[in-house]
Amino acid sequence: MLGVDCLSPMSSPLAQVLSRRRRGRAWVVRLGGNLNERTRPPVKEAIDDLLNKAGQQALMVGATAVQSADSAVIDLLLALQKEATLVIPAPSRLLQNPFSTAPVAVPSSPSLGEALDLVGT
């Protein structure tokens, strides 16, 4: 587990990268904790480090373990979308709400398998 040492304002659980693994040419990254404006930068940095080491890749971001999220999740995903082919497999209701107000569509799919098919892995 790659914990990000940034606490949210109420000392709630860390926003963190819970796991990362390769699936073909894609990285599957699972996020957890509370994602907000304060915790977004270190989470993005952890994912950027992964992408920089691997070169241009497809990225699947799973967020079923994210306990809370605000508009920072949209900022994070839009920034990641500029760096890699991004798909959100099976977005939770927590993510569907901020997506409804996103200025740009973030691709999603009903399952990880279908997300991987979208990027051709």
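About the thresholds
- Residues numbered from 1 in each chain as written.
- Predicted model: local features only at pLDDT ≥ 70, side-chain atom pairs only at ≥ 80, totals over all residues.
- Heavy atoms only, no water.
- Helix = DSSP H or I, 4+ residues; strand = E, 2+ residues; numbered from the N terminus.
- Expected span 1.5 Å × (residues − 1).
- Buried < 20%, exposed > 50% of the residue type's maximum accessible area, 1.4 Å probe, protein only.
- Polar contact = N/O pair within 3.5 Å; in protein donor to acceptor, adjacent residues only side chain to side chain.
- Contact = heavy atoms within 4.5 Å.

Counted at 1.5 Å a residue, the expected span for helix 2 (residues 72–83) with its twelve residues is 16 Å, and the 17 Å between its end C-alpha atoms agrees. Listing the buried residues of helix 2 in full gives Ala-72, Val-73, Ile-74, Leu-76, Leu-77, Leu-78, Ala-79 and Leu-80.

Looking at the secondary structure, you find Lys-44 in helix 1 (residues 40–54). Residue class for Lys-44 comes out buried when judged on its relative accessible area of 12%. Among the polar contacts listed, one links the side chain of Lys-44 to the side chain of Asp-48, at a separation of 2.6 Å. For Lys-44, the residues in contact, after removing those within four places along its chain, are Leu-76, Ala-79 and Glu-83.

This brings us to the environment of Leu-80. Among the secondary structure elements, Leu-80 is positioned in helix 2. Sequence separation between Leu-80 and Lys-44 is 36 residues, and the spatial gap between their C-alpha atoms is 7.8 Å. Those residues in contact with Leu-80, other than ones at most four positions away along the chain, are Ile-47, Asp-48, Leu-51, Leu-59, Val-61 and Leu-86.

That's the geometry; what it means functionally is another story.
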